[in-house]
Amino acid sequence: MLIKQRKASDESENNVTSEWAYLNRRKLMLGAGAALIGAGAALSDLQRRDAGPRELGSLDFSQNPAFRPDEVVTPEAAVTRYNNFYEFGVSKEDPFINAWRLQTSPWSVTVDGFTDKPGTYAFEDLVDMNALQERIYRLRCVEAWSMVIPWIGVPLASIIKKLAPTSDAKYVVFETLADPAQMPGIRWPVIDWPYQEGLRMDEAMNDLAFIAVGLFGKEIPNQNGAPMRLVTPWKYGFKSIKSIVRITFSDTQPTTSWMKTGPSEYGFFSNVNPEVSHPRWSQARERRIGEFGRRDTLKFNGYGEEVADLYAGMDLRKYF
Ligand code: MTE
(Lines give C-alpha, C1' and ligand atoms only; values in the text may rest on other atoms or scores of the structure.)
Protein backbone atom coordinates (compact mmCIF):
# COMPACT_ATOMS: atom_id res chain seq x y z
CA MET A 1 0.00 0.00 0.00
CA LEU A 2 1.51 3.31 -1.06
CA ILE A 3 0.35 6.24 1.01
CA LYS A 4 0.91 9.82 0.06
CA GLN A 5 1.26 11.61 3.35
CA ARG A 6 -0.16 15.10 3.68
CA LYS A 7 2.40 17.79 3.06
CA ALA A 8 3.84 19.04 6.33
CA SER A 9 1.43 21.89 6.97
CA ASP A 10 2.90 25.34 6.98
CA GLU A 11 1.20 26.02 10.25
CA SER A 12 2.84 23.19 12.18
CA GLU A 13 6.19 24.01 10.58
CA ASN A 14 5.78 27.62 11.69
CA ASN A 15 5.07 26.42 15.19
CA VAL A 16 8.25 24.37 15.18
CA THR A 17 10.26 27.29 13.90
CA SER A 18 8.87 29.75 16.40
CA GLU A 19 9.42 27.39 19.33
CA TRP A 20 12.91 26.79 18.02
CA ALA A 21 13.51 30.56 17.81
CA TYR A 22 12.16 31.03 21.33
CA LEU A 23 14.40 28.34 22.82
CA ASN A 24 17.37 29.53 20.84
CA ARG A 25 16.97 33.15 21.92
CA ARG A 26 16.38 32.15 25.52
CA LYS A 27 19.56 30.10 25.49
CA LEU A 28 21.47 32.91 23.82
CA MET A 29 20.26 35.45 26.38
CA LEU A 30 20.69 33.25 29.44
CA GLY A 31 23.98 31.73 28.49
CA ALA A 32 26.82 33.02 26.44
CA GLY A 33 24.66 35.68 24.82
CA ALA A 34 25.71 38.65 26.93
CA ALA A 35 29.36 37.67 26.73
CA LEU A 36 29.12 37.18 23.00
CA ILE A 37 27.55 40.56 22.42
CA GLY A 38 30.01 42.16 24.82
CA ALA A 39 32.83 40.64 22.87
CA GLY A 40 31.43 42.20 19.75
CA ALA A 41 29.90 39.16 18.07
CA ALA A 42 29.03 40.06 14.52
CA LEU A 43 25.39 40.69 13.72
CA SER A 44 25.68 38.09 10.97
CA ASP A 45 26.42 35.46 13.61
CA LEU A 46 23.21 36.31 15.43
CA GLN A 47 21.32 36.27 12.14
CA ARG A 48 22.72 32.86 11.30
CA ARG A 49 21.55 31.60 14.69
CA ASP A 50 18.06 32.69 13.69
CA ALA A 51 18.04 30.86 10.35
CA GLY A 52 16.37 27.91 12.03
CA PRO A 53 15.25 24.46 10.95
CA ARG A 54 14.64 23.73 7.26
CA GLU A 55 11.16 22.77 6.10
CA LEU A 56 10.76 19.00 6.03
CA GLY A 57 9.34 17.50 2.84
CA SER A 58 6.70 14.77 2.95
CA LEU A 59 7.68 11.26 1.85
CA ASP A 60 6.00 8.46 -0.11
CA PHE A 61 6.17 5.18 1.74
CA SER A 62 4.35 1.93 2.43
CA GLN A 63 3.41 0.81 5.93
CA ASN A 64 5.04 -2.43 6.99
CA PRO A 65 2.26 -4.31 8.87
CA ALA A 66 4.84 -6.51 10.64
CA PHE A 67 6.01 -3.49 12.61
CA ARG A 68 2.87 -1.78 13.87
CA PRO A 69 2.82 -2.59 17.58
CA ASP A 70 -0.36 -2.00 19.51
CA GLU A 71 1.31 0.76 21.51
CA VAL A 72 0.87 4.50 21.78
CA VAL A 73 3.28 6.37 19.52
CA THR A 74 5.38 8.94 21.41
CA PRO A 75 4.36 12.54 20.63
CA GLU A 76 6.32 14.00 17.73
CA ALA A 77 7.37 16.97 19.88
CA ALA A 78 9.19 14.62 22.28
CA VAL A 79 10.80 12.57 19.50
CA THR A 80 12.20 15.68 17.83
CA ARG A 81 13.04 17.83 20.86
CA TYR A 82 14.40 15.36 23.43
CA ASN A 83 17.47 14.00 21.70
CA ASN A 84 20.95 12.67 22.12
CA PHE A 85 23.26 13.97 19.41
CA TYR A 86 26.40 15.05 21.23
CA GLU A 87 27.90 16.67 18.15
CA PHE A 88 25.32 19.41 18.82
CA GLY A 89 25.64 19.56 22.61
CA VAL A 90 25.05 17.23 25.53
CA SER A 91 21.75 18.47 26.88
CA LYS A 92 18.54 17.03 25.52
CA GLU A 93 17.29 20.20 23.82
CA ASP A 94 20.67 21.15 22.27
CA PRO A 95 20.21 19.08 19.09
CA PHE A 96 16.79 20.69 18.43
CA ILE A 97 18.35 24.13 18.86
CA ASN A 98 21.66 23.59 17.04
CA ALA A 99 21.31 20.84 14.43
CA TRP A 100 19.77 23.06 11.73
CA ARG A 101 23.36 24.09 10.91
CA LEU A 102 24.04 20.69 9.38
CA GLN A 103 24.01 20.72 5.56
CA THR A 104 22.33 17.43 4.63
CA SER A 105 22.11 17.88 0.89
CA PRO A 106 24.13 16.99 -1.10
CA TRP A 107 25.27 14.13 1.12
CA SER A 108 27.76 11.40 0.34
CA VAL A 109 29.01 8.30 2.10
CA THR A 110 32.49 6.80 1.77
CA VAL A 111 32.50 3.01 1.54
CA ASP A 112 35.73 1.13 2.18
CA GLY A 113 37.33 -1.96 3.69
CA PHE A 114 36.41 -5.46 2.56
CA THR A 115 34.09 -4.67 -0.33
CA ASP A 116 34.10 -5.23 -4.07
CA LYS A 117 32.56 -1.79 -4.55
CA PRO A 118 34.53 0.78 -2.55
CA GLY A 119 33.98 4.43 -3.34
CA THR A 120 32.02 7.53 -2.56
CA TYR A 121 28.29 7.14 -2.95
CA ALA A 122 25.65 9.85 -3.18
CA PHE A 123 22.85 9.42 -0.61
CA GLU A 124 20.40 8.82 -3.50
CA ASP A 125 22.50 5.91 -4.80
CA LEU A 126 22.43 4.16 -1.44
CA VAL A 127 18.83 4.70 -0.34
CA ASP A 128 16.08 3.72 -2.77
CA MET A 129 13.58 6.51 -2.14
CA ASN A 130 10.98 4.56 -4.17
CA ALA A 131 11.07 1.68 -1.69
CA LEU A 132 10.54 3.50 1.58
CA GLN A 133 8.56 1.77 4.31
CA GLU A 134 7.30 2.88 7.68
CA ARG A 135 8.14 0.77 10.72
CA ILE A 136 7.04 1.64 14.23
CA TYR A 137 9.85 0.57 16.54
CA ARG A 138 10.45 0.92 20.24
CA LEU A 139 13.70 2.77 21.06
CA ARG A 140 15.19 1.99 24.49
CA CYS A 141 17.94 4.35 25.58
CA VAL A 142 20.71 3.17 27.91
CA GLU A 143 19.62 6.03 30.20
CA ALA A 144 16.47 3.92 30.93
CA TRP A 145 13.90 5.90 28.99
CA SER A 146 12.10 4.73 25.88
CA MET A 147 9.96 5.97 23.00
CA VAL A 148 7.79 4.45 20.26
CA ILE A 149 8.74 5.99 16.93
CA PRO A 150 7.31 5.77 13.39
CA TRP A 151 10.48 5.59 11.30
CA ILE A 152 10.55 5.71 7.49
CA GLY A 153 13.44 4.12 5.66
CA VAL A 154 14.87 0.96 4.14
CA PRO A 155 16.35 -2.23 5.60
CA LEU A 156 20.09 -1.88 6.17
CA ALA A 157 20.48 -5.18 4.31
CA SER A 158 19.22 -3.54 1.09
CA ILE A 159 22.12 -1.07 1.26
CA ILE A 160 24.74 -3.65 2.24
CA LYS A 161 23.79 -5.87 -0.70
CA LYS A 162 24.49 -2.96 -3.09
CA LEU A 163 27.92 -2.51 -1.53
CA ALA A 164 29.04 -6.11 -2.13
CA PRO A 165 31.09 -6.90 1.00
CA THR A 166 33.58 -9.71 0.50
CA SER A 167 33.67 -12.91 2.59
CA ASP A 168 36.35 -11.30 4.82
CA ALA A 169 33.82 -8.71 6.02
CA LYS A 170 32.74 -9.85 9.49
CA TYR A 171 31.67 -6.46 10.83
CA VAL A 172 30.24 -3.25 9.44
CA VAL A 173 31.43 0.00 10.98
CA PHE A 174 29.63 3.36 10.69
CA GLU A 175 30.95 6.85 11.22
CA THR A 176 29.15 10.18 11.73
CA LEU A 177 30.31 13.44 10.19
CA ALA A 178 32.64 15.36 12.54
CA ASP A 179 32.73 18.94 11.26
CA PRO A 180 33.31 21.60 13.93
CA ALA A 181 32.05 24.29 11.55
CA GLN A 182 28.60 22.73 11.54
CA MET A 183 28.63 20.85 14.84
CA PRO A 184 29.29 23.05 17.88
CA GLY A 185 29.52 20.06 20.26
CA ILE A 186 32.64 18.73 18.52
CA ARG A 187 34.83 21.19 20.37
CA TRP A 188 34.17 19.28 23.61
CA PRO A 189 36.07 15.99 23.87
CA VAL A 190 33.15 14.10 25.42
CA ILE A 191 33.60 11.46 22.73
CA ASP A 192 36.57 10.47 20.63
CA TRP A 193 35.13 12.00 17.44
CA PRO A 194 34.02 10.97 14.91
CA TYR A 195 31.18 9.04 16.58
CA GLN A 196 31.60 5.44 15.53
CA GLU A 197 29.38 2.37 15.85
CA GLY A 198 29.36 -1.13 14.46
CA LEU A 199 27.43 -4.35 14.01
CA ARG A 200 28.44 -7.93 13.39
CA MET A 201 27.58 -8.75 9.79
CA ASP A 202 24.74 -11.14 10.69
CA GLU A 203 23.21 -8.46 12.94
CA ALA A 204 23.49 -5.93 10.14
CA MET A 205 21.76 -8.29 7.70
CA ASN A 206 18.91 -9.05 10.14
CA ASP A 207 15.65 -7.63 8.82
CA LEU A 208 15.13 -5.45 11.92
CA ALA A 209 18.24 -3.34 11.24
CA PHE A 210 16.97 -0.25 9.46
CA ILE A 211 18.30 2.93 7.91
CA ALA A 212 15.87 5.75 8.69
CA VAL A 213 15.47 8.77 6.43
CA GLY A 214 12.10 9.92 7.77
CA LEU A 215 9.87 10.29 10.82
CA PHE A 216 6.16 10.93 11.20
CA GLY A 217 5.60 10.91 7.43
CA LYS A 218 8.25 13.51 6.67
CA GLU A 219 11.99 13.74 6.08
CA ILE A 220 13.98 13.07 9.22
CA PRO A 221 14.86 16.25 11.12
CA ASN A 222 18.57 16.98 11.51
CA GLN A 223 18.46 16.43 15.27
CA ASN A 224 17.29 12.84 14.68
CA GLY A 225 20.18 12.07 12.34
CA ALA A 226 19.48 13.46 8.87
CA PRO A 227 19.84 12.47 6.18
CA MET A 228 20.37 8.82 7.20
CA ARG A 229 20.74 7.11 10.57
CA LEU A 230 20.81 3.55 11.79
CA VAL A 231 17.99 2.07 13.90
CA THR A 232 18.61 -1.22 15.73
CA PRO A 233 15.59 -1.49 18.04
CA TRP A 234 16.80 -4.52 20.02
CA LYS A 235 19.93 -2.61 21.11
CA TYR A 236 20.34 0.43 23.34
CA GLY A 237 19.75 3.68 21.50
CA PHE A 238 23.41 4.69 21.31
CA LYS A 239 23.99 2.01 18.64
CA SER A 240 21.62 3.98 16.38
CA ILE A 241 24.31 6.18 14.86
CA LYS A 242 23.20 9.38 13.15
CA SER A 243 24.20 11.33 10.02
CA ILE A 244 26.37 8.54 8.60
CA VAL A 245 29.25 9.53 6.27
CA ARG A 246 31.33 6.35 6.25
CA ILE A 247 30.60 2.62 6.05
CA THR A 248 33.60 0.33 6.49
CA PHE A 249 33.55 -3.45 6.12
CA SER A 250 36.00 -4.90 8.62
CA ASP A 251 37.39 -8.32 9.48
CA THR A 252 37.80 -7.37 13.15
CA GLN A 253 35.41 -6.14 15.80
CA PRO A 254 35.73 -2.35 16.08
CA THR A 255 36.24 -0.50 19.35
CA THR A 256 33.30 1.86 19.10
CA SER A 257 33.15 5.40 20.53
CA TRP A 258 31.23 4.39 23.64
CA MET A 259 33.51 1.39 24.26
CA LYS A 260 36.43 3.82 24.26
CA THR A 261 34.58 6.24 26.54
CA GLY A 262 33.67 3.63 29.16
CA PRO A 263 34.89 0.09 28.45
CA SER A 264 33.31 -1.33 31.61
CA GLU A 265 30.00 0.39 30.91
CA TYR A 266 29.44 -0.02 27.18
CA GLY A 267 30.08 -3.24 25.33
CA PHE A 268 30.08 -3.95 21.62
CA PHE A 269 26.74 -5.77 21.54
CA SER A 270 24.68 -3.41 23.76
CA ASN A 271 21.60 -5.59 23.49
CA VAL A 272 18.72 -4.39 25.67
CA ASN A 273 18.81 -6.75 28.62
CA PRO A 274 16.95 -6.23 31.91
CA GLU A 275 19.07 -8.98 33.49
CA VAL A 276 22.39 -7.19 32.99
CA SER A 277 22.68 -3.91 34.90
CA HIS A 278 24.75 -0.99 33.76
CA PRO A 279 27.52 -0.69 36.41
CA ARG A 280 25.87 2.48 37.73
CA TRP A 281 22.15 1.67 37.41
CA SER A 282 19.67 -1.13 36.82
CA GLN A 283 18.33 -1.78 33.33
CA ALA A 284 15.29 -3.71 34.62
CA ARG A 285 12.79 -0.89 34.19
CA GLU A 286 12.30 2.11 31.96
CA ARG A 287 10.35 5.35 31.71
CA ARG A 288 8.32 5.58 28.52
CA ILE A 289 8.45 9.25 27.54
CA GLY A 290 4.94 10.69 27.88
CA GLU A 291 3.84 8.17 30.52
CA PHE A 292 3.81 8.34 34.31
CA GLY A 293 5.60 5.65 36.27
CA ARG A 294 7.89 2.99 34.92
CA ARG A 295 7.42 -0.22 33.00
CA ASP A 296 9.44 -3.43 32.88
CA THR A 297 12.14 -3.56 30.23
CA LEU A 298 11.87 -6.55 27.88
CA LYS A 299 14.85 -8.63 26.83
CA PHE A 300 16.02 -7.55 23.37
CA ASN A 301 13.51 -4.72 23.87
CA GLY A 302 10.74 -7.20 23.01
CA TYR A 303 12.30 -8.29 19.68
CA GLY A 304 13.62 -11.66 20.89
CA GLU A 305 11.66 -13.59 18.28
CA GLU A 306 13.52 -11.76 15.53
CA VAL A 307 17.04 -11.64 17.00
CA ALA A 308 17.60 -14.08 19.90
CA ASP A 309 19.05 -16.69 17.50
CA LEU A 310 21.92 -14.33 16.68
CA TYR A 311 23.24 -14.80 20.20
CA ALA A 312 22.55 -18.50 20.76
CA GLY A 313 25.18 -19.98 23.10
CA MET A 314 26.70 -16.59 23.99
CA ASP A 315 27.06 -15.50 27.61
CA LEU A 316 25.27 -12.14 27.43
CA ARG A 317 26.80 -11.02 30.75
CA LYS A 318 30.24 -11.31 29.19
CA TYR A 319 29.21 -10.07 25.76
CA PHE A 320 27.15 -7.07 26.96
N1 MTE B 1 24.72 9.39 16.93
C2 MTE B 1 25.64 10.36 16.98
N3 MTE B 1 26.36 10.61 15.89
N4 MTE B 1 25.88 11.09 18.10
C5 MTE B 1 25.18 10.84 19.26
O6 MTE B 1 25.44 11.53 20.28
N7 MTE B 1 23.49 9.49 20.39
C8 MTE B 1 22.93 8.14 20.44
C9 MTE B 1 22.22 7.75 19.13
N10 MTE B 1 23.02 8.14 17.98
C11 MTE B 1 24.20 9.81 19.26
C12 MTE B 1 23.97 9.11 18.05
C13 MTE B 1 22.03 7.93 21.57
S14 MTE B 1 22.75 7.87 23.11
C15 MTE B 1 20.69 7.73 21.40
S16 MTE B 1 19.69 7.32 22.74
C17 MTE B 1 20.04 7.91 20.10
O18 MTE B 1 20.94 8.36 19.10
C19 MTE B 1 18.93 8.95 20.23
O20 MTE B 1 18.22 9.08 19.04
P21 MTE B 1 17.07 10.18 18.95
O22 MTE B 1 17.66 11.48 19.45
O23 MTE B 1 16.67 10.24 17.52
O24 MTE B 1 15.96 9.70 19.85
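For the structure, check the block above.
A brief look at the structure comes next. Per chain, residue numbering runs from 1 following the sequence as it is written. Selection of residues for local features in this predicted model requires a pLDDT of at least 70, selection of side-chain atom pairs for listing and counting requires 80 or more, and totals for whole chains, interfaces and linings are taken over all residues. No hydrogens and no water enter the side-chain calculation; it runs on all heavy atoms of the structure.

### Some points on the site of the ligand
Here, proximity means that at least one heavy atom of the residue falls within 4 Å of the molecule or strand. In the vicinity of the ligand there are 15 residues, among which Asn-83, Tyr-86, Glu-87, Ser-240 and Lys-242 approach most closely. The definition of a polar contact used here is a pair of N or O atoms within 3.5 Å, where within protein one atom must be able to donate a hydrogen and the other to accept one, and adjacent residues in sequence count solely through side-chain atom pairs. Contact between the ligand and Arg-229: an oxygen atom at 2.9 Å from a side-chain N or O atom of the residue. Working definition of accessibility: Shrake-Rupley area with a 1.4 Å probe, residue cover restricted to the visible protein chains. Starting from 530 Å² of accessible surface for the ligand in isolation, the protein chains cover 99%. Just so you know the grouping, Ala, Val, Leu, Ile, Met, Phe, Trp, Tyr, Cys and Pro go in nonpolar, Asp, Glu, Lys and Arg go in charged, and all remaining residues, Gly too, go in polar. Here the shell around the ligand is composed, by residue class, of six nonpolar, six polar and three charged.

### Thoughts on the sheet that holds strand β7 (residues 171-176)
At least two bridges found by DSSP between two strands is the condition for calling them paired. Going along the chain from the N terminus, every DSSP run of H or I of four or more residues is numbered as a helix, and every run of E of two or more is numbered as a strand. Taken in spatial order, the five strands of this open sheet run β4-β3-β12-β7-β8, and their pairing is mixed. A single partner strand is all that each edge strand has here, and the edge strands are β4 (119-122) and β8 (196-200). The sheet shows a mean angle of 20° between the axes of neighbouring strands, taken without regard to direction. Pairing analysis gives six bridges linking β7 to strand β12 (residues 244-250), with the strands arranged antiparallel. Considered in β12, the bridge of Tyr-171 is made with Ser-250. By the convention used here, residues are in contact when the closest approach between their heavy atoms is within 4.5 Å. Note on geometry: axes are C-alpha line fits, over the in-contact stretch for helices, and angles between N-to-C directions span 0 to 180 degrees. Contacting β3 (108-113), β4, β7, β8 and β12, helix α6 (residues 156-163) runs over the sheet at an angle of about 65° to β12.

### With respect to the nonpolar core
Working definition of a nonpolar core: buried Ala, Val, Leu, Ile, Met, Phe, Trp, Tyr and Cys residues. They are joined through side-chain atoms within 4.5 Å. When a residue's accessible area, from a 1.4 Å probe over protein chains only, is under 20% of the maximum for its type it is buried; when over 50% it is exposed; and in between it is partly exposed. Within the largest apolar cluster, 78 residues are counted, with the highest numbers of intra-cluster contacts made by Trp-151 and Met-228. At six residues, the largest contribution of residues to this core is made by strand β6 (residues 145-155). Beyond its immediate chain neighbours, meaning those up to four positions away, Trp-151 contacts Gln-133, Glu-134, Arg-135, Tyr-137, Leu-139, Phe-210, Ala-212, Gly-214, Leu-215, Ile-220, Arg-229 and Val-231.

### Here we look at the packing of aromatic side chains
Under the pairing criterion, centres of Phe, Tyr and Trp rings, with the six-membered ring standing for Trp, must be within 6.5 Å; the plane angle then separates stacked pairs below 30 degrees from edge-to-face pairs above 60, leaving the rest tilted. Tallying each qualifying case throughout the model produces 14 aromatic pairs. Ring centres of Phe-85 and Phe-88 lie 4.8 Å apart, and the angle between their planes is 85°; on these two criteria the pair is classed as edge-to-face. Both residues of the pair, Phe-85 and Phe-88, belong to the buried class. Relative to Tyr-303, the ring of Tyr-137 lies with its centre 5.9 Å away and its plane at 75°, an arrangement referred to as edge-to-face. Pair noted here: Tyr-137 is in strand β5 (residues 133-140) and Tyr-303 is in the loop between β14 (295-296) and α9 (304-307), with a separation of 166 residues, a long-range link. Classification of Tyr-137 as buried rests on a relative accessible area of 0%. By the ring-pair criterion, three or more aromatic residues cluster together here, those being Tyr-171, Phe-268, Phe-269, Phe-300, Tyr-311 and Tyr-319. Placement of a charge over a ring requires the Lys NZ or Arg CZ to be within 6 Å of the ring centre, with the centre-to-atom vector within 35 degrees of the ring normal. Here Arg-138 stacks its cationic end above the ring of Tyr-303, 4.6 Å away from the centre of that ring.

### Points about α6
The complete set of buried residues in α6 reads Leu-156, Ala-157, Ile-159, Ile-160 and Leu-163. On an axial view of α6, the arc spanned by its buried residues comes to 160°, and they lie on one face. Positioned one or two residues after α6, Ala-164 has a phi angle of 50°, which is positive. As used here, the arc is the angular range of directions from the helix axis to the C-beta atoms.

### Some words on unusual backbone geometry
For the bond from Trp-193 to Pro-194, the omega torsion is -5°, close enough to zero to count as cis. Note the cis peptide between Ala-226 and Pro-227, where omega equals -5°. Within the element layout of this structure, Pro-227 appears in the loop between β10 (218-219) and β11 (229-231). Even without being glycine, Ala-164 reaches a positive phi, approximately 50°. With respect to the element layout, Ala-164 can be found in the loop between α6 and β7. In the Ramachandran plot, Asn-301 falls in the positive-phi region, its phi being about 55° despite a non-glycine side chain. Here Asn-301 shows up in the loop between β14 and α9.

### Structural notes on the side chain of Glu-197
Of note, Glu-197 is situated in strand β8. Reaching out from Glu-197, the side chain makes a polar contact with the side chain of Lys-239 at a distance of 2.7 Å. Beyond its immediate chain neighbours, meaning those up to four positions away, Glu-197 contacts Val-172, Val-173, Phe-174, Phe-238, Lys-239, Ile-241, Thr-256 and Trp-258.

### Examining a nonpolar patch on the surface
Taken together, the side chains of Val-90, Trp-188 and Val-190 present a nonpolar region at the surface, about 300 Å² in accessible area. By secondary structure assignment, the location of Trp-188 is in the loop between β7 and β8. Judged by its relative accessible area of 53%, Trp-188 is exposed. Exposure above 30% relative accessible area and the lack of any salt bridge qualify a residue for a patch; like charges then connect within 9 Å, and the nonpolar side chains Val, Leu, Ile, Met, Phe, Trp and Tyr within 5 Å. Salt bridge, as applied in this entry: a Lys or Arg side-chain nitrogen positioned within 4 Å of an Asp or Glu carboxyl oxygen.

Limitation: the analysis is restricted to geometry and does not speak to function.
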